[in-house]
Amino acid sequence: MALHGLACWAGRFTPTLSVLPPATLLLEISGCLRLFGGAAQIVEQALAGCAEQSFTVAWAAGPTPLGVFWLASANAGVVYQKLPDLQVALTALPCQVAGWPDETLARLGAFGLKNLGDLRKLPAAGLRRRLGNAPMDDLARAWGELPHPQRAFIFPEVFLQKIELPARVEHAEALAFAAQRLFSALLGWLQARQLLVRACTLELTHDDGSHTDLPLRFAEPTADELRFSRLLREHLGRLQLSAPVAALSLHADEVLGKPGESAPLFDQAVAGEGALLCLERLRARLGQDAVQVLAQRPDYRPECATHSQAIDEKMTAFSPSTVTIKGARPLWLLPAPQALAEVAGRPSWHGRLSLLSSAERLESGWWDEGENQATGDVRRDYFVARNPLGQWVWIFRDAQAWYLHGLFA
Amino acid sequence: MSAVTLPVVLAEVLARGDVWRGDTLASLPETALASGHAELDAELPGGGWPRGNLTEILVDRNGLGEMHLLLPALANLSLEGGWLALVAPPWLPYAPAWALAGVSLERVVVVRAGKDAAWCCEQLLASGGFAAVLAWPATGIDARALKRLQVAVEGRPTLACVWRSQAMAALPSPAPLRIALAAGERDLQVRILKRRGRPEARPLHLTLPRPGRLPRALAGPSLSIVATRSAAPAAVA
């Protein structure tokens, strides 16, 4: 399972890789040398990534898959650019590295052949007769004389990775490290499949068998590790664990194809992280509904004309309202109309209100009359008014009383 | 030697870029944003609302026209496609009115920040992705938090306004521009408490577009006419 996750993670380097159980990953990097600036750079990044996830790695890089597998098994840790270099390195390896059956190794021992170089010096035909074809074919593959096709790792259609924690974790923040490993795998998977993720769920399995789901939503589809970790930290910071956590799993809920994009010719230095990322973080901390974009609805009733919508990367285009407004409208509305006291038959709010406009009748909304939490049918006369303190307000009168409804700020 | 150096004219010295005269306003041509009110622009350093600096607006009552002071600038920013954030506004924005004022609604973000208003502002300012951030920190915001906001906004192309009560006018503040608003007779009285440059003693009186028809006299006999027509009150005079 860990190898599987690591294979997903390695998708960030190359889409062509093979998993050799129990513990080997084979990355085909000749196709992406230029992108990363050479084999050394890829190796460096891969090793740094493995260290971050606290994996101990023995590695080698070179022209033949079997050759580097043997060298990695012997913990060579060298990049062999040319085939001859690799062959020289292979001659020094002990025969045990090849993983041939014990019987074969015993016979080789009896022949006095200690390393692969000794084996190569002897006539191949004679050895084939004595040892069978398999060891000699392996040798030819490692030396690059026979082709050696590998079975490619298929990145799963759906991303679902799980890790068991080595110890029970009681504090949410402490989960960040383990979760980071899952997100690293997610990122590799996204890159290999050329996808972006918009929503994913981190599921915490508690030691009593219960589950907690932690849904993470991004303001725009993304494949950015920093962004993952920042959002994760915000969420974990707010999370109260009901029980110690035993395992974590990550599921990518919403993914979509990465749009093709050209790199800019000139550097466009953008200071800061930009609006959408920032809003995403605010939303993670304050809740989904606390950060919204304004929109208007074609409705004459003031309380219904404003519609707040969640921020999406694809904002609905501004549609001109079909409602034409001739009268004055205030920028601010009170959350609910506030009943006004009457002094000598006149509405009053911080002093007597003088009316500055003629009545504007708004009569609308029969369709949601009586519905739960709907504004319902309204019949109101609206006025612009001003009080002695110089405040311009929007007030209305219905059958019952005067109400303050808005402020002309 | 002295005969040679003498002809250095005072005017030439004063024209040098590194000589700052106490009676001129600091000029920040790139960062200023025309407010749309000529009288106000003349008094603001750089000829407009500052970007990349915190502006404090001190006002006790609302509905004086305080938003109209900013609206032309906000509409301009909106026209350029800039994001506008309203942090913890004390009322609900009425979308059609904002749209009528020329603000494109799909770029207006309302953040109901609650207690986290200061944190939200800091994040929004530091992100650099917003053209304007207006904040109404409800529980009051102390000088330390303002300092953080000022640091966050420095160098960003953001118009940052924090609304506070007049009671804060006496307290020191790190905001480079502080403006106190009060209702005048028929206009808005704007007092610049602090700005970069010489202090302003005289308050400005700005006439802003106001809804409704202004009565000839606000507490005149005309009101009694309306008072008698209780059934369907009409416009005064």
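What counts, and at which threshold
- Residues numbered from 1 in each chain as written.
- Chains lettered and ligands numbered in written order.
- Predicted model: local features only at pLDDT ≥ 70, side-chain atom pairs only at ≥ 80, totals over all residues.
- Heavy atoms only, no water.
- Buried < 20%, exposed > 50% of the residue type's maximum accessible area, 1.4 Å probe, protein only.
- Helix = DSSP H or I, 4+ residues; strand = E, 2+ residues; numbered from the N terminus.
- Pairing = 2+ DSSP bridges.
- Axes fitted to C-alpha atoms, helices over the stretch in contact; angles between N-to-C directions.
- Contact = heavy atoms within 4.5 Å.
- 1 Å grid on protein atoms, 1.4 Å probe; cavity = no way out; pocket = protein on both sides within 12 Å on 5 of 7 lines; lining within 4 Å.
- Points joined across faces, edges and corners; volume = space filled by probe spheres on them.
- Phe/Tyr/Trp six-rings, centres within 6.5 Å; stacked < 30°, edge-to-face > 60°.
- Salt bridge = Lys/Arg side-chain N within 4 Å of Asp/Glu carboxyl O.
- Core = buried A, V, L, I, M, F, W, Y, C linked by side-chain atoms within 4.5 Å.
- Buried area = accessible area lost by both parts, 1.4 Å probe.
- Polar contact = N/O pair within 3.5 Å; in protein donor to acceptor, adjacent residues only side chain to side chain.
- Nonpolar A, V, L, I, M, F, W, Y, C, P; charged D, E, K, R; others polar.
- Parallel < 35°, antiparallel > 145°, perpendicular 65-115°, else oblique.

> Which residues make up the pairing of strand S8 (residues 159–164) of chain B, and what are the values?
All names here are of chain B. In terms of burial, S8 is largely enclosed, as six of its six residues are buried. On S8, burial covers both faces: Leu159, Cys161 and Trp163 on one face and Ala160, Val162 and Arg164 on the other are all buried. By the bridge criterion, six bridges tie strand S3 (residues 53–58) to S8 in an arrangement that is parallel. Along S8, the bridge assignment pairs Leu54 with Ala160.

> If you had to explain the sheet that holds strand S8 (residues 306–310) of chain A to someone new, which residues and values would you point to?
The strand order across the open sheet built from 10 strands is S8(A)-S7(A)-S6(B)-S4(B)-S7(B)-S8(B)-S3(B)-S9(B)-S10(B)-S11(B), with neighbouring strands paired in mixed fashion. Where the open sheet ends on each side, the last strands, each with one partner, are S8 of chain A together with strand S11 (204–206) of chain B. Sheet twist, expressed as the average angle between the axes of neighbouring strands with direction ignored, equals 25 degrees. With four bridges joining them, S3(B) and strand S9 (residues 177–183) of chain B adopt parallel strand pairing. Paired with Thr55(B) across the strands is Leu177(B), a residue of S9(B). Across the sheet, helix H12 (residues 275–286) of chain A lies against strand S7 (291–296) of chain A together with strand S4 (83–87), strand S6 (108–111) and strand S7 (130–135) of chain B, angled at about 115 degrees from S7(A), the strand it touches most. Running over the sheet, helix H4 (residues 66–79) of chain B touches S3, S4, S7, S8, S9, strand S10 (188–194) and S11 of chain B and is turned about 160 degrees from S8(B).

> Before we move on, can you summarise the layout of surface pockets with the specific residues and values?
Rolling a probe over the atoms, with the probe sized like a water molecule, indicates the empty space that remains. Residue and element names in this part refer to chain A. For the largest pocket, the calculated volume is near 1,200 Å³. Considering the residues around the largest pocket, the lining is formed by 45 residues, among which Leu25, Leu26, Leu27, Ala60 and Val68 are closest to the centre. When residues of the lining of the largest pocket are traced back to their parent elements, those giving at least two are helix H1 (2–10), strand S1 (17–20), strand S2 (24–27), helix H3 (39–52) and helix H4 (65–73). Take the lining of the largest pocket: its biggest share by element is six residues, from H3.

> How would you sum up the packing of aromatic side chains? Please name residues and give values.
Residues and elements named next belong to chain A. Counted by the stated rule, this structure contains 18 aromatic pairs over all chains. For the pair Trp70 and Trp100, a centre-to-centre distance of 5.9 Å together with 85 degrees between the ring planes defines the contact as edge-to-face. In this pair, Trp70 is assigned in helix H4 and Trp100 in the loop between helix H5 (83–91) and helix H6 (102–111), connecting sequence segments 30 residues apart. Taken individually, Trp70 and Trp100 each receive the classification buried, so the pair is uniform in this respect.

> So what about the pattern of salt bridges? Which residues, and what values?
Residues and elements named next belong to chain A. Taken as a whole, this structure holds 20 salt bridges over all chains when the rule is applied. Residues Arg12 and Glu225 are paired through a salt bridge, measuring 3.5 Å at the closest nitrogen-oxygen approach. Taken together, the residues span a long stretch of sequence, with Arg12 in the loop between H1 and S1 and Glu225 in helix H11 (residues 225–238) at a distance of 213 residues. The closest approach of N and O atoms between Asp368 and Arg301, which form a salt bridge, is 2.9 Å. Of the two residues, Asp368 is situated in the loop between strand S13 (360–364) and strand S14 (378–386) and Arg301 in the loop between S7 and helix H13 (302–305); the sequence distance between them amounts to 67 residues. Given a relative accessible area of 11%, Asp368 falls into the buried group. Linked by salt bridges that have partners in common, Arg361, Glu363, Arg379 and Asp381 make up one network.

> Before we move on, can you summarise the nonpolar core with the specific residues and values?
Among the nonpolar cores identified, the biggest contains 69 residues, and Trp332(A), Ile395(A), Trp49(B), Met67(B) and Leu134(B) are the most heavily contacted of them. Ranked by the residues each element gives to this core, the list is headed by H4(B), at seven residues. Look past the residues within four positions of Trp332(A) in its chain and what remains in contact with it is His405(A), Gly406(A), Leu407(A), Ala409(A), Met67(B), Leu86(B), Pro89(B), Trp91(B), Leu92(B), Pro93(B), Trp98(B) and Trp136(B). Of all hydrophobic cores here, the second largest spans 51 residues; its members include Cys50(A), Phe153(A), Trp189(A) and Leu214(A).

> Can you tell me about the interface of chain A and chain B, naming the residues and giving the values?
Contact with chain A, which involves 58 residues of that partner, is made by 63 residues of chain B. Across the chain A to chain B interface the summed buried area is about 5,200 Å²; carbon plus sulfur atoms make up 66%. Of all residues in chain A, Leu294(A), Leu331(A) and Trp332(A) bury the most surface against chain B, accounting for 16% of the area lost on that side. Linking chain A with chain B are one salt bridge, by the criterion used here. Here Asp116(B) ties to Arg285(A) by a salt bridge, and the two come within 3.7 Å at their closest N and O atoms. At the boundary of chain A and chain B, one finds 17 residue pairs in polar contact (both at pLDDT 80 or more). Where the side of chain A that touches chain B is concerned, the elements lending two or more residues are H12, S7, H13, strand S9 (332–339), strand S12 (354–355), S14, strand S15 (392–397) and strand S16 (402–407) of chain A. For the side of chain A that touches chain B, the leading source of residues is H12(A), giving eight residues. Tallied by class, the residues present in the side of chain A that touches chain B amount to 36 nonpolar, 12 polar and 10 charged.

> So what's going on with the side chain of Arg380(A)? Residues and values would help.
All names here are of chain A. Within the secondary structure, Arg380 sits in strand S14. At 2.8 Å, the side chain of Arg380 and the side chain of Tyr382 are in polar contact. With sequence-adjacent residues up to four places away left out, Arg380 is seen in contact with Pro302, Glu303, Pro337, Glu360, Arg361, Leu362, Thr375, Phe396, Arg397, Asp398 and His405.

> I'd like a description of the packing of helix H8 (residues 124–131) of chain A against helix H9 (residues 133–142) of chain A, backed by residues and values.
All names here are of chain A. Contact geometry of H8 with H9 gives a least axis separation of 7 Å together with a crossing angle of 140 degrees. By the criterion of interaxial angle, the relationship of H8 to H9 is oblique. Facing Ala124, Leu127, Arg128 and Leu131 of H8, the residues of H9 in contact are Asn133, Pro135, Met136 and Asp137. Grouping the constituent residues of the contact of H8 with H9 by class yields five nonpolar, one polar and two charged.

> Explain unusual backbone geometry to me, using residue names and the numbers behind them.
All names here are of chain A. For the bond from Pro21 to Pro22, the omega torsion is 10 degrees, close enough to zero to count as cis. Relative to the elements of secondary structure, Pro22 occurs in the loop between S1 and S2. If you check the backbone angles, Ala344 has positive phi at about 55 degrees while not being a glycine. Secondary-structure assignment places Ala344 in the loop between strand S10 (341–343) and strand S11 (346–348).

> So what's going on with the sheet that holds strand S3 (residues 160–169) of chain A? Residues and values would help.
Residues and elements named next belong to chain A. Ordered in space as S3-S6-S4-S5, the four strands form an open sheet in which the pairing is antiparallel. Edge strands, defined here as strands with exactly one partner in the open sheet, are S3 and strand S5 (211–222). Taken over all neighbouring pairs, the strand axes of this sheet differ in orientation by 20 degrees on average, direction set aside. Note: strand S4 (residues 195–206) against strand S6 (residues 245–257), 11 bridges, orientation antiparallel. Following the sheet pairing, Val197 is matched in S6 by Val255. Across the sheet, helix H10 (residues 175–193) is in contact with S3, S4, S5 and S6; its angle to S6 comes to roughly 25 degrees. Along the sheet, H11 makes contact with S4 and S5, crossing S5 at roughly 140 degrees.

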